[in-house]
Amino acid sequence: MAAPADSFPRRQAATRRFTLGAPRGVTIAPDGSRVVFLRSRGGDDPVTCLWVLDVATGEEHLLVDPLALDVPGEEDLPPEEKARRERVREQSGGVVDYATDRGVDLAAFVLSGRGFTVALHPGASPQPLPVEGPVVDPRPSPAGDAVAFVRGGALHVLVDGTGRTLATPEAEHVTYGLAEFVAAEEMNRFRGYWWAPDGSALAVARVDDSAVTRWHIADPANPDREPGVVGYPAAGTTNATVTLHLLGLDGSRVDVPQPDEYLADVTWDAHDLLLTTSTRDQKAVTLRRVDPSSGTAEVVVTETDPAWVDLVPGVPAHLDDGSLVTCADADDARRLVVDGEPVTGPEWQVRGVAGVDGATVLVTASRTGTPTSTVLAVWSREAGVSVVSAERGMASGRLAGGTLVVAQASLEHDGSVTTVRGPGSSAVIRSFAESPNLEPRVHLFAAGERGLATAVLLPRHHIPGSEKLPVLLDPYGGPHAQRVLDARGAFLTSQWFADRGFAVVVADGRGTPGRGPAFERAVDGDLAAPVLDDQLAALEGAAREVEDLDLTRVAIRGWSFGGYLAALAVLRRPDAVHAAIAGAPVTDWALYDTHYTERYLGTPRDRPDAYERSSIITDGERPATATAPNRPLLLIHGLADDNVVAAHTLRLSSALLAAGRPHQVLPLSGVTHMTPQEVVAENLLRLQVAFLKESLRS
């Protein structure tokens, strides 16, 4: 039977999890007078437009409507742009990204592979770049008098309408100006070139991935199509070679030595050209100051850690007097550091720097002991630290020219509310996002001796004491991501499952952020035991905290790391977990990428024991026994996934079959690591409910 058009699964799929129509991608003009942002026209409209808000009046002006421009209705994107969107998990179309000049007077963007610019003032009309062929990542110069872009792996610049090529690939598998796979997937570096502050040159990354292992992503549903070939640096194998070069508009070229494996970031402002690099084992991250005339570099600071050093968003940066802004871990807290001195105490866990405005730094942070909320706080030498957002909820924002933009999510309301606070004015950027019409009823508490952030959601119609409910664990559970947040959007799907008759338990165990470096580093050398133990500890804590949980009927579902954790649970603890749905699981960490995997496990050659502990292929090879019985397991995987490739699920399935262990596999043709296809996303939820109810029948 077809799902009702107004059902939650249908609406969640059509609205991209109720994100369409919400403002995002905010940029503030340096004088604070204008705020540029992205937003589609409605909650079910996937075509993103570019807008500008006048801070003084609060008026919004539509600058770029993709449907009004002469571009194809179905976007025709070059492979590099498709790959970039997959890395950032972009699920909409239209103007999904843009770059501006220093004064935020001009923006450059791409539509269907074609490059455009537009003046960021009401009434301006977009202008196509006078170039043939597809354009990737166009970026105006600081003064707005030139535009650089990548095409065919070469870096080009348009000056006064005249094009010139600054760098051309010397061989196959070489590109200039693009981020390599691990930079975009794991380091949050999505760009490969940076303008000099005076616009006379660019710092450009050259990527040579000829030595990277080639993997083939086939489409079995269409055997007439050639498999896609991707360079995938699996753990312990060769990475792309990345070098940095300073290319002048006058044709000059200065090579910058790159002593470390990873180019993490480049910062080029009026004060310095700074290079952030990381060693292959990620135990050291070094910040170097580069002389643009010679390319020579001097070390400014090196952070080291026996486990690993995290890359923190937004740093390095400079105050207006040239003071250097960084972050460092001390006293089991991530702290804001200015000119080498920590300026926040251990009561704060700094998540990142969101902006620097003159002598003021805007950070996102959690109070130590409260990982479920993030606040925006400003620091200055004169005033110290002060919070500028709500204390509860999830806040993000930007600061420039005395204007502060705060996006605030909460359990108290749907979505995020985006407020613009200028000198003497205040406005709200409208959101057209649809209401889920589903209010999660979330019970938050700290579970067990480790005080694990845990949420329990019961069916909204449930009467306490009336019946025992089957339990559904709904985690992610891995590094870099949290599921237990003070925000409604984090629990919409969990509440929908709860309303199908489950007690849903969501928990963030060791390895997840917000609790301090020691809590995160507890998974060093073992991605399996700590995270699984914490899920079961949270389950026990939930049963003590909330009545009516039936621990004889426990299931688990998850995607990506959560999928890995789900399969892990039924294979290693079938006594406690009785059914699992594993979506796109990593089953053998030797098949996952270098930067992520080696951070926690080292290389397969140096730490084979860590890979053995963390792999679930070996678990699948063991036959079920009376004391470790087989449990229902549904494996789901997109066959076009180039992040967690389908080989993970297929190899686990083969191991299970060889051991005589029944299981189910659901292959998704044409689906990547995301599931943006509306019908697929909707029906996956319904199929999961059916599987869980059948598996947990008492």
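Just so it is clear, the structure is predicted and the values come from calculations on it, not from any experiment.

J.: Is there a simple way to explain the overall build of the protein in this structure?
T.: For the protein, the helix and strand inventory stands at 12 helices and 44 strands. Computed over its C-alpha atoms, the radius of gyration of the protein comes to 25 Å, within 12% of the 26 Å expected for a compact globule of 698 residues. Taken along its principal axes, the extent of the C-alpha atoms in the protein is 75 × 55 × 55 Å. Classification of the 698 residues of the protein by burial places 58% in the buried group. Of all intrachain contacts in the protein linking residues separated by at least 6 positions in sequence, the fraction that spans at least 24 positions is 58%. Here the protein holds 63 positive side-chain charges and 92 negative ones, and the gap between their average locations is 5 Å.

J.: Just to check I follow, could you spell out unusual backbone geometry for this structure?
T.: Among all residues save glycine, negative phi is the norm, and among peptide bonds the norm is trans. With an omega of 5°, the peptide bond running from V315 to P316 counts as cis. Residue placement: P316 occurs in the loop between β24 (297–304) and β25 (317–318). In this model, V104 sits at a positive phi of 55°, which is unusual for a non-glycine residue. Structurally, V104 can be placed in the loop between β6 (99–100) and β7 (106–111). Backbone geometry at H480 places phi at a positive 75°, although glycine is not the residue there. With respect to the helices and strands, H480 occurs in the loop between β39 (469–473) and α4 (492–499). When its relative accessible area of 45% is taken as the criterion, H480 is described as partly exposed.

J.: Help me understand the sheet that holds strand β30 (residues 360–367), please; the structure alone is not making it clear to me.
T.: Overall, antiparallel pairing links the 4 strands, which are arranged β29-β30-β31-β32 in an open sheet. In the strand order of this sheet, the two ends are held by β29 (348–357) and β32 (384–387), each with one partner. Averaged over all pairs of adjacent strands, the angle between their axes in this sheet comes to 30°, without regard to strand direction. Sheet topology note: the strand β31 (residues 375–380)/β32 ladder contains 4 bridges and is antiparallel. Bridging from a neighbouring strand, V378 pairs with S386 of β32.

J.: Teacher, can you tell me more about the pattern of salt bridges here?
T.: Two side chains of opposite charge can pair, provided their charged atoms sit close to one another. Tallying each qualifying case throughout the model produces 47 salt bridges. Ionic pairing is found between E81 and R85, a salt bridge with its closest N-O pair at 2.8 Å. In this pair, E81 and R85 both sit in helix α2 (residues 79–87), 4 residues apart, roughly one turn of the helix. The buried category is assigned to E81, whose relative accessible area is 4%. Looking at R85, the relative accessible area reads 6%, which means it is buried. E391 is the partner of R367 in a salt bridge, and the nearest nitrogen-oxygen pair spans 2.8 Å. Here R367 is found in strand β30, whereas its partner E391 is found in the loop between β32 and β33 (394–400), with 24 residues between them in sequence. Under the relative-accessibility criterion, E391 is labelled partly exposed at 38%. Within this structure, D305, D310, D329, R334 and R521 form a network of salt bridges that share partners.

J.: Can you help me understand the pairing of strand β38 (residues 452–457) in this one?
T.: Taken residue by residue, a regular strand's side chains alternate between the two faces of the sheet. Most of β38 is tucked away: 6 of the 6 residues are buried. Across the two faces of β38 the burial is the same, with L452, T454 and V456 and A453, A455 and L457 all buried.

J.: Any chance you could explain the nonpolar core here in plain terms?
T.: In summary, soluble globular proteins display a tendency toward joint burial of nonpolar side chains. In terms of nonpolar packing, the biggest core is built from 68 residues, with L527, I556, Y564, W589, L633 and L652 touching the most fellow members. Of the residues forming this core, the biggest block, 9 residues, is contributed by helix α7 (residues 561–572). With residues up to four places along the chain from it excluded, the contact list for I556 reads L472, L473, P475, L565, A566, A569, V577, A579, A580 and I581. Core analysis: the next-biggest nonpolar cluster, separate from the first, contains 30 residues, F8, A453, L472 and L634 among them.

J.: What is the right way to read the environment of G42 from this model?
T.: With respect to the element layout, G42 can be found in the loop between β2 (34–40) and β3 (47–54). The sequence separation of G42 and S431 amounts to 389 residues, and the corresponding C-alpha distance is 8.5 Å. The contact partners of G42, leaving out residues within four places of it in the chain, are L20, G21 and F432.

J.: Please explain the pairing of strand β27 (residues 333–338) as it appears in this structure.
T.: Burial analysis of β27 places 6 of its 6 residues in the buried class, the great majority of the element. A two-sided burial pattern is seen for β27, the buried positions comprising A333, R335 and V337 on one face and R334, L336 and V338 on the other. Looking at chain direction, strand β26 (residues 324–330) and β27 are connected through 6 bridges and run antiparallel. Counterpart to A330 in the pairing with β27 is A333. The loop that links β27 with its antiparallel partner strand β28 (residues 341–342) comprises 2 residues; one of these, D339, has a positive phi angle of about 50°.

J.: Looking at this structure, how should I read the side chain of D310?
T.: Of note, D310 is situated in the loop between β24 and β25. By relative accessible area, D310 is classed as buried at 12%. A distance of 3.1 Å separates polar atoms of two side chains, one belonging to D310 and the other to W308. Once you skip the residues sitting within four places of it in the chain, D310 turns out to touch R334, H480, E520 and R521.

J.: In this structure, what is going on with the sheet that holds strand β44 (residues 664–668)? I would like to understand it.
T.: Two modes of strand pairing occur in sheets, parallel and antiparallel, and in both the strands are linked by backbone hydrogen bonds. The 8 strands lie next to each other as β37-β38-β40-β39-β41-β42-β43-β44, forming an open sheet whose pairing is mixed. The open sheet has two edge strands, β37 (442–447) and β44, and neither has a second partner. Looking at each pair of strands side by side, their axes are set apart by 20° on average, direction ignored. The pairing of β39 with strand β41 (residues 549–559) spans 5 bridges and is classified as parallel. Bridge pairing links L469 to L549 in β41.

J.: What is the right way to look at the packing of helix α6 (residues 529–545) against α7 in this model?
T.: Angle between the axes and distance between the axes: these two values describe a pair of packed helices. With their axes 10 Å apart at the nearest point, α6 and α7 run at an angle of 75° to one another. As judged from the angle between their axes, α6 and α7 are roughly perpendicular. From α6, V531, L532 and Q535 reach across to α7, where they touch F561, L565, L568, A569 and R572.

J.: Hey, could you run me through the packing of aromatic side chains in this one?
T.: For any pair of aromatic rings, the description consists of the separation of the ring centres together with the inter-plane angle of the planes. Applying the stated criterion across every chain, the model contains 16 aromatic pairs. A ring pair is formed by Y476 and F561, whose centres lie 5.8 Å apart and whose planes are at 40°; its orientation type is tilted. Here the residue Y476 occupies a position in the loop between β39 and α4, and F561 occupies one in helix α7, the gap between them amounting to 85 residues. Ring geometry for Y592 versus Y596: centroids 5.4 Å apart, planes at 85°, classification edge-to-face.

Criteria and cut-off values
- Residues numbered from 1 in each chain as written.
- Predicted model: local features only at pLDDT ≥ 70, side-chain atom pairs only at ≥ 80, totals over all residues.
- Heavy atoms only, no water.
- Helix = DSSP H or I, 4+ residues; strand = E, 2+ residues; numbered from the N terminus.
- Rg over C-alpha atoms; globule rule 2.2 N^0.38 Å.
- Buried < 20%, exposed > 50% of the residue type's maximum accessible area, 1.4 Å probe, protein only.
- Contact = heavy atoms within 4.5 Å.
- Lys, Arg positive; Asp, Glu negative; His and termini not counted.
- Charge placed at Lys NZ, Arg CZ, Asp CG, Glu CD.
- Pairing = 2+ DSSP bridges.
- Axes fitted to C-alpha atoms, helices over the stretch in contact; angles between N-to-C directions.
- Salt bridge = Lys/Arg side-chain N within 4 Å of Asp/Glu carboxyl O.
- Core = buried A, V, L, I, M, F, W, Y, C linked by side-chain atoms within 4.5 Å.
- Polar contact = N/O pair within 3.5 Å; in protein donor to acceptor, adjacent residues only side chain to side chain.
- Parallel < 35°, antiparallel > 145°, perpendicular 65-115°, else oblique.
- Phe/Tyr/Trp six-rings, centres within 6.5 Å; stacked < 30°, edge-to-face > 60°.

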